[in-house]
Amino acid sequence: MKGRITSTIIRHIGVISESSRGWRLELNMVSWNGAEPKLDIHDWPPDHSRCTSRGTFTHEEARVLIKLLKKEV
């Protein structure tokens, strides 16, 4: 299908938070459309079938994100 965006999680780094619906805000290395993997933050359902954008973080989510990033460096 032309114009379809594909994502492949190359490496799961960690979960930042989880909603009551089971969606998890995750830090991953993701390849979008077969490109070189990049650090990526998105909300994912349990089956990782799709994702939603995320642009804001609670203080606790920011703390967890910083801890995960420090492990990566």
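Only a predicted model underlies this, so the values are computations on that prediction, with no experimental measurement involved. (Residues numbered from 1 in each chain as written. Predicted model: local features only at pLDDT ≥ 70, side-chain atom pairs only at ≥ 80, totals over all residues. Heavy atoms only, no water.)

A. Main features of the pairing of strand 3 (residues 38-44). Here strand 2 (residues 24-32) pairs with strand 3 via 7 bridges, running antiparallel. Within strand 3, the position partnered with Met 29 by the bridge is Leu 39. The antiparallel pairing of strand 2 with strand 3 creates a hairpin that spans 5 residues between the two strands, and Asn 33 there sits at a positive phi of about 55°. (Pairing = 2+ DSSP bridges. Helix = DSSP H or I, 4+ residues; strand = E, 2+ residues; numbered from the N terminus.)

B. Region of interest: the nonpolar core. Counting residues in hydrophobic clusters, the biggest one holds 8 residues: Ile 13, Ile 16, Leu 25, Leu 27, Met 29, Val 64, Leu 65 and Leu 68. Counting residues per element, the ones that place at least two in this core are strand 1 (7-18), strand 2 and helix 1 (59-72). Setting aside anything within four residues of it in sequence, one finds Ile 13 in contact with Leu 27, Asn 28, Met 29, Leu 39, Leu 68 and Glu 72. (Core = buried A, V, L, I, M, F, W, Y, C linked by side-chain atoms within 4.5 Å. Buried < 20%, exposed > 50% of the residue type's maximum accessible area, 1.4 Å probe, protein only. Contact = heavy atoms within 4.5 Å.)

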